[in-house]
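# Architecture and fold: a report
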Amino acid sequence: MRLPPFAYHAPDTLDKALKIKAELGASAPILAGGTDLLVHLKHRLASPAAVISLKNIRTLKGIEVGADSLVLRAGTPLREVAAHEGVIRNFPLLVKAVHSIGAVGIQHFRGTIGGNLCLTPRCLFYNQSLFWRTGKGQCHRTGGKDCLALKGSESCQAICSGDTVPVLAALSAQVTIASAGGMRTAPVAEFFTGKGESPFNMTPEEILTEIRIPLPWGPLSSSYQRLSFRSAVDFPLINAAVAAILDKGKVESFRLVISSAGPAPVILKELESAIKGQKPDPAMLQPVREAAIKAVEGAIIENASASKEYRVKLAAVAAVRAASEALGLENQPS
Amino acid sequence: MKKQLLSMTVNGEEVNLAVTPNTTLLEVLREDLGLTGVKEGCAEGVCGACTVLMDGNPVRSCLTLALEAGGADIVTVEGMATGGNLHPIQQAFIEHGAVQCGFCTPGMILASKALLDRNSDPSEDEIKTALAGNFCRCTGYRKILEAVSAASTGHTEPRRKE
Ligand SMILES: Cc1cc2nc3c(=O)[nH]c(=O)nc-3n(C[C@H](O)[C@H](O)[C@H](O)COP(=O)(O)OP(=O)(O)OC[C@H]3O[C@@H](n4cnc5c(N)ncnc54)[C@H](O)[C@@H]3O)c2cc1C
Ligand code: FES
Ligand code: FES
């Protein structure tokens, strides 16, 4: 399968990359590891004028542990994230999430953490070859005016499928975004718009430069759970992460995020206050199950390789497993 | 589309050529350099048949722009044998019947080399993880696992049967 024609820029500084971005905007996407972008180009889901490679920009690679946070530069290869001592020590759930992405040979060396967060949302009717798509008509993202999966939907409902997304949201990570005009930061949770056709709160002139995860302020107890048909290669059918602070037998804070449901990760906010201050108790799991189902029922539509009904059930399973593990409870049958 | 210069090392030899930016590493290796041991199965990152080593790491050559390999050290299956002798992993694949149609074999061998170069005595689970992104539609994988295990340092004859 051949790629469409485009120009190739490999600037050696962020400033130069931002200058090109300021000029070309959406017609020059960032090429990080390319393991998502190149598939899109081959399927003619994009035909950009140019791509901007991060290959030569040293300042966009590497990991630093500061006094209060761990910084992952956007262009850091996934393998380095999972092998970094500071990540392993502080955030075992992130290591697990990175290991569960695709397969070693697909993207663990070439793929980047920034590319995983900016992964284009996926849909059964979108991530297909041009030939396949010509049989179905156009959707919001391919030049049409409707959603092929949910007739009448005003926006694209494609699925945010990155393995690290719920983890970074549960850990209250912040993104740093740069443009020729300057830098800004935003919580990962607000980075997602909920619209598949423009999934990120990032303009075409901007580049994601880093992800900053605050170091836990108490003993972190966490979990990452994902369910997929095959344990390797396949994208998650659903994934969930819990980050809790457990001190002296009490839950000091609790955040559960479910993703791979709709275009944005879903944070189960109401559980946070309900569980905070309590002792971990198996009785907490029924409310977790109910909250998970309620939260994803409005987000999941018929646009994946499993039915909506099945994915809603999986969301409850993943949420309960994640909560059980993080709260140190016996896994309850779900 | 303007061509750009690309310099890289392929199987120990420096190569310099001009490529259009939309050329994949797979296309350069197969079409410009004649290294047809690099196979194109799915062309979209799923199957692993196109696996090559880039600075020692297994990567999908179908999802890597040739220009991204500038300055890199690339190894394809053609670069495994030395002095007319097959690499021990290649030998093990033959001895264990780990090859049927052979289409997945170059990718399997390179993914195995990447693993064994890092971890000379992997457990079966570690081998499975390292090869999880390489599909074989013929062998049923058992023989491949046996071959990789036989090529590892911890292997002692005769091999344990399950
Ligand atoms: C067979 C296969 C299986 C896969 N399985 C999984 C899986 O199980 N889980 C999973 O999460 N992913 C999976 N992926 C998708 C992908 O490989 C990973 O998500 C990977 O982490 C993407 O990173 P990358 O650096 O290669 O991204 P790229 O392809 O380089 O970029 C992805 C998108 O983000 C944009 N982008 C990248 N970096 C930046 C930046 N710094 N600033 C602004 N925009 C940016 C790009 O323009 C592009 O639109 C799979 C891919 C394939 C081909
Ligand atoms: S041809 Fe590259 S992964 Fe299938
Ligand atoms: S031997 Fe035929 S695909 Fe593996």
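All right, on to the interface of chain B and chain A then. Counting from both sides, the interface comprises 31 residues of chain B and, opposite them, 30 residues of chain A. Buried surface at the junction of chain B and chain A, summed over both partners, amounts to about 2,500 Å²; 58% is from carbon and sulfur atoms. Inspection of the region where chain B meets chain A yields three salt bridges. The residue A:Arg2 makes a salt bridge to B:Glu31 at a minimum N-O spacing of 2.7 Å.

Phi is positive for A:Lys248, close to 45°, though the residue is something other than glycine. Mapped onto the secondary structure, A:Lys248 falls in the loop between β10 (238–247) and β11 (250–259). A positive phi angle is found at B:Asp55, which is not glycine, with a value near 50°. In this structure, B:Asp55 sits in the loop between β3 (51–54) and β4 (57–60).

Okay, the packing of aromatic side chains next. Residues and elements named next belong to chain A. The tally for this structure, following the rule as stated, stands at four aromatic pairs over all chains. On the numbers, 6.4 Å between centres and 50° between planes, the contact of Phe125 with Trp132 is tilted. Judged by its relative accessible area of 17%, Phe125 falls in the buried class. A centroid spacing of 5.0 Å and a plane angle of 15° characterise the contact between Phe191 and Phe200, whose relative ring orientation is stacked. Each member of the pair, Phe191 together with Phe200, is buried. Connected via pairs of aromatic rings, a cluster forms that spans Phe191, Phe192 and Phe200. Here Arg122 stacks its cationic end above the ring of Phe235, 3.8 Å away from the centre of that ring.

Moving on, we get to the confidence of the model for chain B. Residue and element names in this part refer to chain B. For chain B, the average pLDDT comes to 95, and 96% of its residues sit at 70 or higher. In this model residues 158–162 is a low-confidence stretch, pLDDT under 50, and it forms seven contacts with partners more than four residues away in sequence or in other chains. Predicted complex, confidence summary: ipTM 0.95, pTM 0.96.

The next point concerns the domain arrangement of chain B. Residue and element names in this part refer to chain B. Domain boundaries assigned for chain B yield domain 1 (4–79) and domain 2 (88–153). Opposite the 18 residues of domain 1 that make contact, domain 2 presents twelve residues. Together domain 1 and domain 2 conceal approximately 1,200 Å² of surface at their shared face, both sides included; 65% is due to carbon and sulfur atoms. One can count zero salt bridges joining domain 1 with domain 2. Counting across the interface, domain 1 meets domain 2 through four residue pairs in polar contact (both at pLDDT 80 or more). Going through the elements one at a time, β3 and β4 are the ones with two or more residues in the side of domain 1 that touches domain 2. Of the residues contributing to the side of domain 1 that touches domain 2, the split by class is eight nonpolar, seven polar and three charged.

Residues and elements named next belong to chain B. Relative to each other, helix α2 (residues 88–95) and helix α5 (residues 142–151) sit at 140°, their axes nearing to 8 Å. Taken together, the axes of α2 and α5 lie oblique to each other. Two packed elements cross with a definite hand, and for α2 against α5 that hand is right-handed. Of α5, the residues touching α2 (which contributes Pro88, Ile89, Ala92 and Phe93) are Ile144, Ala147, Val148 and Ala151.

Turning next to the sheet that holds strand β12 (residues 266–267) of chain A. All names here are of chain A. The sheet built from four strands is open, its strands ordered β9-β10-β11-β12 with antiparallel pairing. A single partner strand is all that each edge strand has here, and the edge strands are β9 (220–227) and β12. In terms of strand pairing, β9 meets β10 through eight bridges, oriented antiparallel. Paired with Arg226 across the two strands is Asn239, which belongs to β10. Running over the sheet, helix α5 (residues 92–99) touches β9 and β10 and is turned about 15° from β9. Across the sheet, helix α13 (residues 308–327) is in contact with β9, β10 and β11; its angle to β9 comes to roughly 155°.

Any two side chains of opposite charge can pair, on the condition that their charged atoms come close. Residue and element names in this part refer to chain A. Applying the stated criterion across every chain yields a total of 17 salt bridges over all chains. In this structure, Arg212 engages Glu210 in a salt bridge whose closest nitrogen and oxygen atoms are separated by 3.0 Å. Relative accessible area serves as the criterion here: at 12%, Glu210 is assigned to the buried category. Taken together, the salt bridges that share partners define one network made up of Glu64, Arg73, Glu210 and Arg212.

All names here are of chain A. Take Ile159: it is sitting in the loop between α8 (130–134) and α9 (165–170). On the basis of relative accessible area, Ile159 is assigned to the buried category, the value being 7%. A C-alpha to C-alpha distance of 4.8 Å links Ile159 and Arg122, two positions 37 residues apart in sequence. Ignoring any residue separated from it by four or fewer positions in sequence, one finds Ile159 in contact with Pro121, Arg122, Ser260, Ala261, Gly262, Asn303, Ala304 and Arg311.

Cut-off values and rules
Residues numbered from 1 in each chain as written. Chains lettered and ligands numbered in written order. Predicted model: local features only at pLDDT ≥ 70, side-chain atom pairs only at ≥ 80, totals over all residues. Heavy atoms only, no water. Contact = heavy atoms within 4.5 Å. Buried area = accessible area lost by both parts, 1.4 Å probe. Salt bridge = Lys/Arg side-chain N within 4 Å of Asp/Glu carboxyl O. Helix = DSSP H or I, 4+ residues; strand = E, 2+ residues; numbered from the N terminus. Phe/Tyr/Trp six-rings, centres within 6.5 Å; stacked < 30°, edge-to-face > 60°. Buried < 20%, exposed > 50% of the residue type's maximum accessible area, 1.4 Å probe, protein only. Lys NZ or Arg CZ within 6 Å of the ring centre and 35° of its normal. pLDDT = per-residue confidence, 0-100. Domains from an automatic or database assignment. Polar contact = N/O pair within 3.5 Å; in protein donor to acceptor, adjacent residues only side chain to side chain. Nonpolar A, V, L, I, M, F, W, Y, C, P; charged D, E, K, R; others polar. Axes fitted to C-alpha atoms, helices over the stretch in contact; angles between N-to-C directions. Parallel < 35°, antiparallel > 145°, perpendicular 65-115°, else oblique. Left-handed = near helix turned anticlockwise from the far one by under 90°. Pairing = 2+ DSSP bridges.

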